[in-house]
Amino acid sequence: PSSQASSQGKHGADEKTQESKNIVVTSEDGITKIVFNRPAKKNAITFQMYQDIILALKSASTDNSAITVFTGTGDYYCSGNDLTNFTSAPNGMEEAARKGAVLLREFVNSFIDFPKPLVAVVNGPAVGISVTLLGLFDAVYASDTATFHTPFSQLGQTSEACSSYTFPKIMGPAKATEMLLFGKKLTAREAWAQGLVSEVFPESTFEKEVWTRLKAYAKLPPNSMRISKELIRKNEKEKLYAVNAEECTILQAKWLSEECVNAIMNFVSRKSKL
Amino acid sequence: PSSQASSQGKHGADEKTQESKNIVVTSEDGITKIVFNRPAKKNAITFQMYQDIILALKSASTDNSAITVFTGTGDYYCSGNDLTNFTSAPNGMEEAARKGAVLLREFVNSFIDFPKPLVAVVNGPAVGISVTLLGLFDAVYASDTATFHTPFSQLGQTSEACSSYTFPKIMGPAKATEMLLFGKKLTAREAWAQGLVSEVFPESTFEKEVWTRLKAYAKLPPNSMRISKELIRKNEKEKLYAVNAEECTILQAKWLSEECVNAIMNFVSRKSKL
Amino acid sequence: PSSQASSQGKHGADEKTQESKNIVVTSEDGITKIVFNRPAKKNAITFQMYQDIILALKSASTDNSAITVFTGTGDYYCSGNDLTNFTSAPNGMEEAARKGAVLLREFVNSFIDFPKPLVAVVNGPAVGISVTLLGLFDAVYASDTATFHTPFSQLGQTSEACSSYTFPKIMGPAKATEMLLFGKKLTAREAWAQGLVSEVFPESTFEKEVWTRLKAYAKLPPNSMRISKELIRKNEKEKLYAVNAEECTILQAKWLSEECVNAIMNFVSRKSKL
């Protein structure tokens, strides 16, 4: 279907086969599915993948599907931002930070603007931006193998994807701070108790139960769902744009700080020694 | 007492006896009680009942009671809007939709404006607007036989009673969407876990425990309670009026859409065949 | 260390020894600790203690610690405002109410403005303003012996410390009202389930587990934590100032009302008869 091509856009359509794509988009049964498909790197998100997702969401917003679903290939849902986006930047950190902030802002806005029900099927551990984005989803189903981890302070960074606004709103400051400032990792049950996750399923029946349910939801009158979502979200859209812009400005400066550069270098060098 | 008469106002005072009233209002022990009393129709709300409730709330806001309580007669708390309000409209759907939107807005505003503690004693299943209104209550006590169901999308409709604002605020978008967009029915325990319900009681002791507690609360200094409620609610009153107005405008259009008319006709015809 | 002196400021530095101070401030391992230290009165807060805490927070905001922690000496965390602040006022209630409102506003603003992670280690029962303040903390750890009680209506008073805004936001109106209007006392587990408390620990291991964790958090990059906190809190800072100002204005009037004076007199006279 046409939506499969859309995730490639002008990038890579000639050089990659479907199987090798890091973001795979399919559409059937009224559901457009966007898959983090880079299991060898725990589905870490490269600059290219951010761009592919922006295009995939643009396409899904006008295709004939009723709802859109994110999930991951393999054991991980998504391990977050690929830190080599910075360390392997061809023109140095400053250029990478500038480009990164522009891209991040556009990426997050494409979630804020998405007009149909947006569902995360969290099949395993979720880290960083794949967690913070969940505050912009309409439903989140998690396997009991999923965990939710935002180690921003540990990496000398700060929160993004509007989580500095959505997380305290969803779970209160006493629990949002443990995640966003102290980097506490949540189990799926904890994330459910705090309102970040809609429902938790046993790993053994997770896929079957969730997709059965989603196929039923995809048959509901699409206009009613879209209008109800718009009613819910329009109350805070301007706020979300502003928070996103500010988080990106602060991150751009933070990425160049000694605190952050040292933390990222340590992280990457630990990884490469394993 | 005088508050018993108020629910009738100019409607029906001559034609009905107390026992046949669909909304019954009584006042004692510092508590004004407003009862959905149409058990043969699972306490579904007619146009007349909306008007009776508006008058009852107006009267209760200035009577000498300290708190006001809603509950239902029989097994149901309330099955929501009576859909025959539309299908039996004497001047057709368009007129009914226009009148319905005006009435709904005034009805919901009378909950936004109510100055004393407002408590729901949910004795059984609650559906539609009787659920969405709970976001405007100050306390909600539920029997463990209660359920909470808002099948708006299923009926080609959208959410009302400010629930597009209050529900995400109370339970986060991941759980509000399951209710408001996907029509998931909650048990009393689930509604409690999500903050919609203050406390759940076993059916066998429900009435006794709740009324004992409410009678004690009704003896607290009324001015302190009223001022504290005003402090809590004034922060969002303007927002609530605006959300209510917008939800009603959207519903008026939705009621005339093919999606909605078909869904209501199917629902009513299924019912009438039973 | 210098922060020990700061809590005395110009008050009492000459007249009291460290041991007799009602607010004790120490700083080590990157943590500034502010202790309610008046166990003979269940750590009730006098006018002097409010002033000492304002100074301690001012000092902690610029010292070299990463996080600041409140806790209590003895069985209680804090029993709230010392009601003899009013009954023993040298120039009468009116003067005490006026001064009290000014002091309360400055006191609460010093929590709104505090720039580093602020943690409560709730070692036992918490009452009144020591509970309502928790909505301004970034993390709250509670022993299972802790309880949370705000009997404002019982005392003819109204809520303070921005709780009329933070509590409904954290726990929804159905649960905030039970606490703030009806004076329901919560167990530690209930407060956790409602998002007011980050985590509950068994009394036997409470101190050991909490301080181990806090010492680890205090080693995280301080700038990242401070900036993340600023991002989270700046979204509502203006709102919090306004709510605080209004709550204080209302309380000042309330303290002089018959409802309140009678309630306080009854409370104090019951206590003195024990």
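Just above, that's the structure.
Presented here is an overview of the structure given in this document. (Residues numbered from 1 in each chain as written. Chains lettered and ligands numbered in written order. Predicted model: local features only at pLDDT ≥ 70, side-chain atom pairs only at ≥ 80, totals over all residues. Heavy atoms only, no water.)

Let us now look at the overall build of chain A. Along its length, chain A carries twelve helices and nine strands. Taking 2.2 N^0.38 as the reference for a compact globule, 274 residues should give roughly 19 Å; the C-alpha atoms of chain A span a radius of gyration of 18 Å, in line with that estimate. Considered along the principal axes of its C-alpha atoms, chain A spans approximately 50 × 50 × 40 Å. Within chain A, the fraction of its 274 residues that count as buried is 61%. For chain A, the distance from the average site of its 31 positive side-chain charges to the average site of its 29 negative ones is 1 Å. (Helix = DSSP H or I, 4+ residues; strand = E, 2+ residues; numbered from the N terminus. Rg over C-alpha atoms; globule rule 2.2 N^0.38 Å. Buried < 20%, exposed > 50% of the residue type's maximum accessible area, 1.4 Å probe, protein only. Lys, Arg positive; Asp, Glu negative; His and termini not counted. Charge placed at Lys NZ, Arg CZ, Asp CG, Glu CD.)

What follows covers the packing of aromatic side chains. Counted according to the given criterion, the structure contains 30 aromatic pairs over all chains. Ring pairing ties together the aromatic residues A:Phe36, A:Tyr50, A:Phe70, A:Tyr77, A:Phe107, A:Phe111 and A:Phe137, which thus form one cluster. In this structure, B:Lys33 is placed above the aromatic ring of B:Trp211, and the distance from its NZ or CZ to the ring centre is 4.8 Å. (Phe/Tyr/Trp six-rings, centres within 6.5 Å; stacked < 30°, edge-to-face > 60°. Lys NZ or Arg CZ within 6 Å of the ring centre and 35° of its normal.)

With that settled, consider the pairing of strand E2 (residues 31-36) of chain A. Residue and element names in this part refer to chain A. When you tally the buried positions in E2, you get five out of six residues, the bulk of the element. Pairing of strand E1 (residues 23-28) with E2 involves six bridges; the strand directions are antiparallel. Looking at E2, one finds that valine 25 is bridged to isoleucine 34. As consecutive antiparallel partners, E1 and E2 are separated by two residues, and within that stretch aspartate 29 has a phi angle of approximately 55°, a positive value. (Pairing = 2+ DSSP bridges.)

It is worth spelling out the relation of the copies chain C and chain A at this point. You can overlay chain C on chain A at an RMSD of 0.0 Å; the transform is a turn of 120° with a shift of 0.0 Å along its axis. Such values leave the two copies arranged in the relation of a three-fold axis. The rotation axis passes nearest to the C-alpha of C:Lys169 in chain C, at a distance of 4.1 Å. By residue overlap, the copies meet through two different surfaces: only 3% of the interface positions of chain C are interface positions in chain A. (Least-squares fit on C-alpha atoms with pLDDT ≥ 70 in both. Contact = heavy atoms within 4.5 Å.)

Below, the discussion takes up the side chain of B:Ser159. Take B:Ser159: it is sitting in the loop between strand E7 (147-149) and helix H6 (163-171). Setting aside anything within four residues of it in sequence, one finds B:Ser159 in contact with A:Ser228, A:Leu231, B:Phe152, B:Ser164, B:Leu180 and B:Glu247.

On to the sheet that holds strand E5 (residues 126-127) of chain C. All names here are of chain C. With mixed pairing, the three strands of this open sheet are ordered in space as E5-E7-E8. The sheet is open, and its two borders are formed by E5 and strand E8 (186-187), each paired with just one other strand. Where strand E7 (residues 147-149) meets E8, two bridges bridge the pair, whose relative direction is antiparallel. For threonine 147, the partnering residue across the bridge sits in E8 and is threonine 187.

Where interface size is given, it is often the accessible area lost as the parts come together that is meant. In this complex, chain B contributes 28 residues to the contact, which on the side of chain A involves 33 residues. The junction of chain B with chain A conceals about 2,500 Å² of combined surface from both sides, 62% of it contributed by carbon and sulfur atoms. The interface formed by chain B and chain A includes three salt bridges. The partner of A:Glu199 in a salt bridge is B:Lys184, and the shortest N-O contact between them spans 3.0 Å. Where chain B packs against chain A, one counts twelve residue pairs in polar contact (both at pLDDT 80 or more). Going through the elements one at a time, H6, helix H7 (173-180) and helix H11 (237-255) of chain B are the ones with two or more residues in the side of chain B that touches chain A. Broken down by class, the residue content of the side of chain B that touches chain A amounts to ten nonpolar, nine polar and nine charged. (Buried area = accessible area lost by both parts, 1.4 Å probe. Salt bridge = Lys/Arg side-chain N within 4 Å of Asp/Glu carboxyl O. Polar contact = N/O pair within 3.5 Å; in protein donor to acceptor, adjacent residues only side chain to side chain. Nonpolar A, V, L, I, M, F, W, Y, C, P; charged D, E, K, R; others polar.)

Quick look at the relation of the copies chain B and chain A now. Think of it as a corkscrew move, a rotation about one axis and a shift along it, taking one chain copy to the other. In screw terms, the move from chain B to chain A is a rotation of 120° and a rise of 0.0 Å along the axis, fitting with an RMSD of 0.0 Å. Counting the interface residues of chain B, we find that no more than 4% of their copies in chain A are interface residues as well, pointing to two distinct contact surfaces.

On the side of chain A, 28 residues touch chain C, which itself brings 32 residues to the contact. Overall, the association of chain C and chain A removes approximately 2,500 Å² of surface from exposure, summing both partners, and the carbon and sulfur fraction of that is 62%. When the buried surface of chain C facing chain A is broken down by residue, C:Leu231, C:Ile232 and C:Asn235 rank first, second and third, together holding 24% of it. Our enumeration of links across chain C and chain A arrives at three salt bridges. Here chain C and chain A share twelve residue pairs in polar contact (both at pLDDT 80 or more) between them. Mapped onto the side of chain C that touches chain A, the elements with two or more residues apiece are strand E6 (139-143), helix H6 (163-171), helix H9 (206-217) and helix H10 (222-234) of chain C. The element contributing the most residues to the side of chain C that touches chain A is H10(C), with eleven residues.

All names here are of chain A. Negative charge collects at one region of the surface, where Asp75, Asp144, Glu203 and Glu207 lie side by side. With respect to the helices and strands, the residue aspartate 75 is situated in the loop between strand E3 (67-72) and helix H3 (84-87). Judged by its relative accessible area of 67%, aspartate 75 falls in the exposed class. (Patch = residues over 30% accessible without salt bridge, like charges linked within 9 Å, V, L, I, M, F, W, Y side chains within 5 Å. Areas by Shrake-Rupley, 256 points an atom, 1.4 Å probe, with all protein chains shown as cover.)

Turning next to the sheet that holds strand E3 (residues 67-72) of chain B. All names here are of chain B. The strand order across the open sheet built from six strands is E1-E2-E3-E4-E6-E9, with neighbouring strands paired in mixed fashion. Taken across any chain shown, the strands that pair with only one partner, and hence form the sheet edges, are strand E1 (23-28) and strand E9 (199-201). On average, each strand axis in the sheet is tilted by 20° relative to the strand beside it, whichever way the strands run. On the sheet, helix H9 (residues 206-217) packs against strand E2 (31-36), E3, strand E4 (118-122), strand E6 (139-143) and E9 and is oriented at approximately 160° with respect to E6. (Axes fitted to C-alpha atoms, helices over the stretch in contact; angles between N-to-C directions.)

In this section: the packing of H6(C) against helix H11 (residues 237-255) of chain C. Residue and element names in this part refer to chain C. Across the interface, H6 lies against H11 with an axial gap of 9 Å and an inter-helix angle of 125°. With respect to H11, the element H6 is oriented oblique. Contacts from Ser163, Ser164, Tyr165 and Thr166 in H6 reach Lys239, Leu240, Val243 and Glu247 in H11. Looking at side-chain class alone, the contact of H6 with H11 contains three nonpolar, three polar and two charged residues. (Parallel < 35°, antiparallel > 145°, perpendicular 65-115°, else oblique.)

What follows deals with the pattern of salt bridges. The final tally for this structure, using the stated rule, is 42 salt bridges over all chains. Residues A:Lys234 and B:Glu246 are paired through a salt bridge, measuring 2.7 Å at the closest nitrogen-oxygen approach. Taken as a pair, A:Lys234 in helix H10 (residues 222-234) and B:Glu246 in helix H11 lie in two separate chains rather than in one. In this structure B:Glu246 comes out as partly exposed when scored by relative accessible area, which is 28%. The partner of B:Glu95 in a salt bridge is B:Arg98, with the nearest N and O atoms 3.6 Å apart. Of the two residues, B:Glu95 and B:Arg98 are both situated in helix H4 (residues 92-112); the distance of three residues between them amounts to about one turn of the helix.

Here we come to the state of the cysteines. Residues and elements named next belong to chain A. Applying the stated criterion across every chain, the model contains zero disulfides over all chains. In this model cysteine 260 remains outside any disulfide bridge; the closest cysteine sulfur is found in cysteine 248, 14 Å from its own. For cysteine 260, a relative accessible area of 0% translates into the label buried. (Disulfide = S-S within 2.5 Å.)

Residues and elements named next belong to chain C. Here six bridges tie strand E2 (residues 31-36) to strand E3 (residues 67-72), and the two strands are oriented parallel to one another. Residue pairing across strands places valine 35 opposite threonine 71, the latter belonging to E3. This β-α-β element, E2 to helix H2 (residues 47-62) to E3, shows right-handed connectivity. (Right-handed = clockwise from strand over helix to strand, strands pointing away.)

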